[in-house]
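# Geometric and topological summary
The lines below spell out each chain.
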Amino acid sequence: MKDTEGYVTADGRQIGGVLMEMKNITLKFGGVTAISDISFDVHEGEIRAIIGPNGAGKSSMLNIISGFYTPTVGEVWYKGAKRPPMKPYEVARMGVARTFQNIALFEGMTVLDNIMTGRLTHMNASIAAQAIWWGKARNEEMENREIVEKVIDFLEIQAIRKTPVGRLPYGLKKRVELARALAAEPSILLLDEPMAGMNVEEKEDMSRFILDVNDEFGTTICLIEHDMGVVMDLSDRVVVMDYGKKIGDGTPDEVRGNQDVIDAYLGVPHD
Amino acid sequence: MDLLRDIFINPFVEMAAMPDLFLQTLWEGLVSGVLYALIALGFVLIFRSSRIFNFAQGIMVVFAALTLVGLYAYGIPAWIAVLLTLGVMFVLAVSIERVVLRPLVGQPDIILFMATIGVSLFLIGLGEIIFGGENKQMITSELGIPTGETLLEPWGGLLILPHLDITVVVVGGVLVAALLAFLNYTKMGRAIRALGDDHQAALSVGISLQTIWVLVWFIAGIIALVTGIAWGARAGVSFALEVIAYKALPVLMLGGLESITGAIVGGLMIGILEKLFDGYWGYPILGGNTETWFAFVLALIVLLFRPQGLFGERIIERV
Ligand SMILES: Nc1ncnc2c1ncn2[C@@H]1O[C@H](COP(=O)(O)OP(=O)(O)OP(=O)(O)O)[C@@H](O)[C@H]1O
Ligand SMILES: [Mg+2]
């Protein structure tokens, strides 16, 4: 069985078994069906892209994975078990980290503090211990500081560590948001348009970071992106959505040759 | 001409002539300033994490003081009574989160505000049933708070430092410093600040709204107990104690409802300025009693020139 065994990519990387599976997901907002009956899986260690025109339901899908939306119908399977309905913070504590399409950072806090919040999911010391900064709480803080410093080095943002996030330009904010997600050492990283609004150079940097994260830490990544060139370069497999439906699923090459996908992108009218 | 002299010259002449009196005024301002800062912090923490203006803060002060004094009256040793009162404030925080906040989440802010009015009416009723409504003595000496005073003689003058006030400044100062350290250097503290900045992002990094709400209401409860003891030690324990919370309102107008620094600096500033104003301008020119309104007027004047408050980011109207 291909699904449980994993597979080898075109460039020779070994991909693991299924980490997460979306089964027959439907999402309705009142009368609007944002997602209708979509299934797909994400393998351990792969870079999985979700693409599609505006309003296709991509962000909604990411919101379901991260617990911000509850599907009207359908199941989310994670690490081999069906996930009960969960709040976003509970999903985060299961190792799912994310960024947002419209950057969501703590604007009043410094870059360092923002990234430190990424460590909240690894909090074990009791509140009382933290209040007096004692024993375990203190060691934890030190440990977390170390991991955060590594992430800062990795994403090359040492120079802005102490800057309040509100003062940063857009491109750097996106990078800080990625850093905060990485600090959680997630099992799966969800990126909603990590390169939207960036110039060519910034996009190249971001692509490199995403590839390096996947390569060095083996992090599974599920990302939404509009820039086709970038998507095809980065991802191992691609889900294509249009008007809430899945119209394609496969390697970049397979998807590129899919007639429905070509039609959707060329704007062939729907019947 | 005389009025101009009274405003621009005489006060300063007097400050220079009697520096001991000036120091005394500053000291008294510092004592109330520390209490204002603490109360304002309680408001700010709750507002940042839930957009709620906690109308019940004043009654929480009364309730905490009543509980402490009441437990002592039942024969429980003073320090055990303090711990038990903290326990009661924690139970109160959990109950408010469960019974009031959780069901109302997502309702307009004004509804939540009204709910805190409900909480304060409930606490008044509960306090009266359990402990009775009459004025009580704070158990100051039983708690080991010294009652004497230290006399200093700077420049041959006289400076009176009541030991109760010294205790208030030290305990209040330590509490403010501890809160700041907690907010800045612990993960839970960071979570509280984070939630104030962006709810969505906070959820995505694993912050639980409920936990933070219980935490900030409990902190407000601790602050209520400390201010209740400090204020109750001079004024006695009765429902009139709640005014201490309203004294913090101009601090919030000045410092902003969301600024932690604003609460602390604003609290100290108002405490000191209102004493200085009353001593050097209010009393000579207006015959005194300016402390009840001065802070509000000061806040209004500052807001005329800085609509965003002293520490707020500049508000740019979106059009
Ligand atoms: N919270 C919501 N309430 C109501 N409708 C929503 C909500 N979130 C999304 N929708 C609707 O669901 C549909 C899909 O939106 P979604 O944001 O998932 O699309 P998308 O593929 O991410 O688009 P884009 O590329 O523009 O980001 C849209 O019609 C949108 O209006
Ligand atoms: Mg989107």
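Since we're looking at a predicted model, the values are computed, not measured.

The next subject is the overall build of chain B. When you go through chain B residue by residue, the secondary structure sums to 13 helices and two strands. The C-alpha atoms of chain B give a radius of gyration of 21 Å, which matches the 20 Å a tight globule of 319 residues would have. Along the first, second and third principal axes, the C-alpha set of chain B runs to 65 × 60 × 35 Å. Sorting the 319 residues of chain B into buried and exposed places 52% on the buried side. In chain B, of all internal contacts separated by at least 6 residues, the share reaching a separation of at least 24 is 73%. Total accessible area on chain B is roughly 14,400 Å²; 70% of this is exposed by carbon and sulfur atoms.

Residues and elements named next belong to chain B. With respect to the element layout, Glu97 can be found in helix α4 (residues 78-104). The buried category is assigned to Glu97, whose relative accessible area is 2%. Discounting residues that sit within four places of it in the chain, Glu97 has contacts with Arg102, Pro103, Gln210, Trp213 and Val214.

Here we come to the nonpolar core. The biggest cluster of nonpolar side chains holds 103 residues, and the ones touching the most others in it are Leu68(B) and Ile192(B). Here this core takes 16 residues from helix α9 (residues 209-235) of chain B, the largest share from any one element. Discounting residues that sit within four places of it in the chain, Leu68(B) has contacts with Ala78(B), Ala81(B), Val82(B), Thr85(B), Met138(B), Ile139(B), Leu143(B), Leu225(B) and Ile229(B). Membership of the second largest hydrophobic core comes to 46 residues, among which are Leu105(A), Ile152(A), Leu182(A) and Met198(A).

Even without being a glycine, Asp37(A) presents a positive backbone phi close to 50°. Structurally, Asp37(A) is set in strand β4 (residues 32-43).

In an α-helix, one turn spans 3.6 residues, which is why side chains three or four residues apart end up on the same side. For helix α6 (residues 136-154) of chain A, spanning 19 residues, the distance from its first C-alpha to its last is 27 Å, which sits close to the expected 27 Å at 1.5 Å a residue. Backbone geometry just downstream of α6(A) places Glu156(A) in the positive-phi region, at approximately 55°.

This part is about the interface of chain B and chain A. Every contact between the two is made by 23 residues of chain B and, on the other side, 33 residues of chain A. Contact between chain B and chain A buries roughly 2,400 Å² in total, counting both sides, with carbon and sulfur atoms accounting for 63%. If you sort the residues of chain B by the area they bury against chain A, Lys187(B), Arg190(B) and Val205(B) come out on top, with a joint share of 29%. Scanning the region where chain B abuts chain A turns up four salt bridges. Measuring nitrogen to oxygen at the nearest pair gives 3.2 Å for the salt bridge that ties Glu140(A) to Lys187(B). Our count for the contact surface shared by chain B and chain A stands at seven residue pairs in polar contact (both at pLDDT 80 or more). Looking at the side of chain B that touches chain A, the elements with two or more residues in it are α6 (163-185), α7 (187-197), α8 (199-204) and α9 of chain B.

Residues and elements named next belong to chain A. Applying the stated criterion to the full structure yields 30 salt bridges over all chains. A salt bridge links Asp249 to Lys246; the shortest N-O distance between them is 2.9 Å. A single network of salt bridges, built from pairs that share partners, joins Asp41, Glu46, Arg48, Arg237, Lys246 and Asp249.

Our next topic: empty space enclosed by the protein. This structure, assessed with the given rule, holds five cavities of 30 Å³ or more. As a volume, the largest cavity reaches approximately 70 Å³. As for the largest cavity, its lining consists of Ala92(A), Val96(A), Ala97(A), Arg98(A), Thr117(A), Gly118(A), Thr121(A), Arg180(A), Ala181(A), Ala184(A), Ser204(B) and Val205(B). Those elements giving two or more residues to the lining of the largest cavity turn out to be β8 (96-98) and α7 (170-183) of chain A. For the lining of the largest cavity, the element with the highest residue contribution is β8(A), accounting for three residues.

All names here are of chain A. For the magnesium ion (ligand 2), the full set of protein donor atoms is Ser59 (OG) and Gln101 (OE1), at a range of 1.9 to 2.1 Å. In this pair, Ser59 sits in helix α2 (residues 58-65) while Gln101 sits in the loop between β8 and α4 (111-117), placing the two residues 42 residues apart along the sequence. Classification of Ser59 by relative accessible area gives partly exposed; the value is 22%.

On to the side chain of Arg237(A). Residue and element names in this part refer to chain A. In this structure, Arg237 sits in strand β11 (residues 237-242). Since its relative accessible area comes to 9%, Arg237 is described here as buried. Polar contacts involving the side chain of Arg237 include one to the side chain of Glu46, which spans 2.8 Å.

How big an interface is tends to be stated in terms of accessible area lost as the parts join. Residue and element names in this part refer to chain A. Looking at chain A, the domain boundaries give domain 1 (1-95 + 186-271) and domain 2 (105-185). On a C-alpha basis, the centres of domain 1 and domain 2 stand 26 Å from each other. Each partner contributes residues to the interface: domain 1 has 21 residues there, and domain 2 has 13 residues. Between domain 1 and domain 2 lies a buried interface of about 1,300 Å² when both sides are counted; carbon and sulfur atoms form 72% of it. The largest contributions to the domain 1 side of the interface with domain 2 come from Pro186, Met206 and Phe209, which together make up 37% of the buried area.

A few words now on helix α3 (residues 57-73) of chain B. Between the first and last C-alpha of α3(B) there are 24 Å, a value that for 17 residues agrees with the 24 Å anticipated at 1.5 Å per step. When you tally the buried positions in α3(B), you get 15 out of 17 residues, the bulk of the element.

All names here are of chain A. By the criterion of burial, β11 is predominantly enclosed, with six of the six residues buried. Strand direction decides the pairing type here: strand β5 (residues 47-51) and β11, joined by four bridges, are parallel. When the bridges of β11 are listed, Ile50 appears paired with Val239. Of the pairings in the sheet, the one linking β11 to strand β12 (residues 245-250) comprises five bridges and is antiparallel in character. Bridge assignment links Val238 to a residue of β12, and that residue is Gly250.

What counts as what
Residues numbered from 1 in each chain as written. Chains lettered and ligands numbered in written order. Predicted model: local features only at pLDDT ≥ 70, side-chain atom pairs only at ≥ 80, totals over all residues. Heavy atoms only, no water. Helix = DSSP H or I, 4+ residues; strand = E, 2+ residues; numbered from the N terminus. Rg over C-alpha atoms; globule rule 2.2 N^0.38 Å. Buried < 20%, exposed > 50% of the residue type's maximum accessible area, 1.4 Å probe, protein only. Contact = heavy atoms within 4.5 Å. Areas by Shrake-Rupley, 256 points an atom, 1.4 Å probe, with all protein chains shown as cover. Core = buried A, V, L, I, M, F, W, Y, C linked by side-chain atoms within 4.5 Å. Expected span 1.5 Å × (residues − 1). Buried area = accessible area lost by both parts, 1.4 Å probe. Salt bridge = Lys/Arg side-chain N within 4 Å of Asp/Glu carboxyl O. Polar contact = N/O pair within 3.5 Å; in protein donor to acceptor, adjacent residues only side chain to side chain. 1 Å grid on protein atoms, 1.4 Å probe; cavity = no way out; pocket = protein on both sides within 12 Å on 5 of 7 lines; lining within 4 Å. Points joined across faces, edges and corners; volume = space filled by probe spheres on them. Donors = N, O, S within 2.8 Å, 3.2 Å for Na, K, Ca; no water. Domains from an automatic or database assignment. Pairing = 2+ DSSP bridges.

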